[in-house]
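Here is what each chain is made of, one letter per residue.
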Amino acid sequence: KPKTKRAKRFLEKREPKLTENTKNAMLIKGGNANLTVTEVLKDIYAVKKPFAILYKKKNITRPFEDQTSLEFFSKKSDCSLFLFGSHNKKRPNNLILGRMFDYHVLDMIELGIEKFVSLKDVKNNKCPEGTKPMLIFAGDMFDLNEEYRRLKSLLIDFFRGPTVPSIRLAGLEHVLHFTAVEGKIYMRSYKVLLKKSGCKIPRIELEEIGPSLDLVMRRTHLASDDLYKLSLKQPKALKSKKKKNISHDVFGTTYGRIHMQKQDLSKLQTRKMKGLKKRPAEKSAENGGTSPKKAKSA
């Protein structure tokens, strides 16, 4: 139980919500990280800011063998995404990308850096901090292979940024492009330039700004189907209720079906007209065959 109001507010922030906060990422440097890995972590942090935490001190841990330290850091900093960088003789220039579910490791994918071009090496104007990027995935492997499909989901989770209700054209200025071909993943970062085209829609040009990474997939630690399905479960309050007896045609017209009780048309009141008046014979037939008129006396 919280002893102060500040502690109470802190715990309320971490309580489950119908609409969760934007996912934060922690970038951790391993105990034997070299200069390349350190620069990659710094550049990813620059792209991910302000929804990221960069740990500058080295942490001697091996995520594929012991995950307790990652889970401890996740709970402490309230981060559900992580990027761990390390370097050794067996696996040089190593990155481990992963995500948490209920402060336990859900997915982890190990990637090796084969080529790296940092933000500093590309002398172009950069996008402002906190720009929500557009994500583009190219390559059949992202749809055919289960590991690549899970990697695509991980990358979307990592770089998607906050959920916004509306967008403006000038705000679409950062593109992250991922290509999977011949067993490699190419990550490229571009700035969108809006040029004059002589009409309302501008001409689009892409200018590379960095970072640029050539990656190769190594080890994977994927969640079981049941756990993955549980992590995707949404609260009932967020699910839209299905409206019955409503259909739409090809042109977008909405049709509704109404259920009514059977009407007795004989009691339906129509317009009073001379021509619609009932004759005496019809009235007598309804009353049981007796004529309302008195019989003439002989």
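The rules behind the values
- Residues numbered from 1 in each chain as written.
- Predicted model: local features only at pLDDT ≥ 70, side-chain atom pairs only at ≥ 80, totals over all residues.
- Heavy atoms only, no water.
- Helix = DSSP H or I, 4+ residues; strand = E, 2+ residues; numbered from the N terminus.
- Rg over C-alpha atoms; globule rule 2.2 N^0.38 Å.
- Contact = heavy atoms within 4.5 Å.
- Areas by Shrake-Rupley, 256 points an atom, 1.4 Å probe, with all protein chains shown as cover.
- Lys, Arg positive; Asp, Glu negative; His and termini not counted.
- Charge placed at Lys NZ, Arg CZ, Asp CG, Glu CD.
- Axes fitted to C-alpha atoms, helices over the stretch in contact; angles between N-to-C directions.
- Buried < 20%, exposed > 50% of the residue type's maximum accessible area, 1.4 Å probe, protein only.
- Salt bridge = Lys/Arg side-chain N within 4 Å of Asp/Glu carboxyl O.
- Polar contact = N/O pair within 3.5 Å; in protein donor to acceptor, adjacent residues only side chain to side chain.
- Patch = residues over 30% accessible without salt bridge, like charges linked within 9 Å, V, L, I, M, F, W, Y side chains within 5 Å.
- UniProt positions renumbered as here; feature names shortened; annotations may be inferred.

1. Quick word on the overall build of the protein
Then, in step 1: Along the protein, the regular secondary structure elements total seven helices and twelve strands.
Then, in step 2: The C-alpha radius of gyration of the protein comes to 34 Å, more than 25% above the 19 Å expected for a compact globule of 298 residues.
Then, in step 3: The long-range share in the protein, meaning contacts at least 24 apart out of those at least 6 apart in sequence, stands at 66%.
Then, in step 4: If you sum the accessible surface of the protein, you get close to 21800 Å²; carbon and sulfur atoms cover 54% of it.
Then, in step 5: Distance between charge centroids for the protein: 12 Å, based on 64 positive and 32 negative side chains.

2. Here we look at the packing of helix H2 (residues 35-48) against helix H5 (residues 146-159)
Then, in step 1: Running from amino to carboxyl end, H2 crosses H5 at an angle of 65°, the nearest separation of the two axes being 10 Å. Of the residues in H5, those touching H2 at Ile-44, Val-47 and Lys-48 are Asp-157, Phe-158 and Phe-159.

3. Remarks on the side chain of Lys-29
Then, in step 1: Structurally, the position occupied by Lys-29 is in strand E1 (residues 25-30).
Then, in step 2: Here Lys-29 is buried and forms no salt bridge, its nearest opposite-charge partner Glu-39 lying at an N-O distance of 9.1 Å.
Then, in step 3: Polar side-chain contacts of Lys-29 include one of 3.2 Å to the backbone oxygen of Lys-56.

4. Considering a positive patch on the surface
Then, in step 1: A surface patch of like charges, here positive, comprises Lys-5, Arg-6, Lys-8, Arg-9 and Lys-13.
Then, in step 2: Summarising the element assignment, Lys-13 is placed in helix H1 (residues 5-14).

5. A word on the side chain of Glu-39
Then, in step 1: For Glu-39, the position within the fold is in helix H2.
Then, in step 2: Lys-120 provides the closest opposite charge to the buried, salt-bridge-free Glu-39, at an N-O distance of 4.1 Å.
Then, in step 3: Aside from chain neighbours lying at most four places away, what touches Glu-39 is Phe-116 and Lys-120.

6. Focus: the UniProt feature "domain: Brix" (unreviewed entry) in the protein
Then, in step 1: The UniProt feature table records "domain: Brix" (unreviewed entry) at residues 23-226.
Then, in step 2: Between the end C-alpha atoms of residues 23-226 there is a gap of 22 Å, over a span that is 22% helix and 41% strand.

7. Some remarks on a nonpolar patch on the surface
Then, in step 1: A cluster of nonpolar residues, Leu-169, Leu-194, Ile-204 and Leu-206, forms a patch on the protein surface that exposes about 380 Å² of accessible area.
Then, in step 2: Note that Ile-204 resides in strand E9 (residues 203-208).

8. Describing unusual backbone geometry
Then, in step 1: In this structure, the amide linkage connecting Lys-49 to the following residue, Pro-50, adopts the cis form with an omega of 0°.
Then, in step 2: With respect to the helices and strands, the residue Pro-50 is situated in the loop between H2 and strand E2 (52-59).
Then, in step 3: Here the phi dihedral of Asn-93 falls at roughly 45°; this positive angle occurs in a residue that is not glycine.
Then, in step 4: Tracing the backbone shows Asn-93 in the loop between strand E3 (81-86) and strand E4 (94-101).
Then, in step 5: Positive phi is not limited to glycine here, since Asp-102 has a value of about 60°.
Then, in step 6: With respect to the helices and strands, Asp-102 occurs in the loop between E4 and strand E5 (104-117).

9. Re the environment of Phe-101
Then, in step 1: Mapped onto the fold, Phe-101 is located in strand E4.
Then, in step 2: Residues Phe-101 and Leu-230 lie 129 residues apart in sequence; the distance between their C-alpha atoms is 9.5 Å.
Then, in step 3: The residues touching Phe-101, leaving out its near neighbours within four places in the chain, are Leu-106, Leu-227, Leu-230 and Ser-231.

10. A look at the pattern of salt bridges
Then, in step 1: What the rule picks out here adds up to 14 salt bridges.
Then, in step 2: Where Arg-99 meets Asp-107, a salt bridge forms, and the shortest distance between an N and an O atom there is 3.0 Å.
Then, in step 3: A salt bridge links Arg-150 to Glu-146, with the nearest nitrogen and oxygen atoms 3.4 Å apart. Linking Arg-150 with Glu-146, this pair stays in helix H5, spanning four residues, or about one helical turn.
Then, in step 4: By relative accessible area, Glu-146 is classed as partly exposed at 38%.
Then, in step 5: Taken together, the shared-partner salt bridges in this structure form one network comprising Lys-23, Arg-99, Asp-107, Glu-146, Arg-149, Arg-150 and Asp-157.

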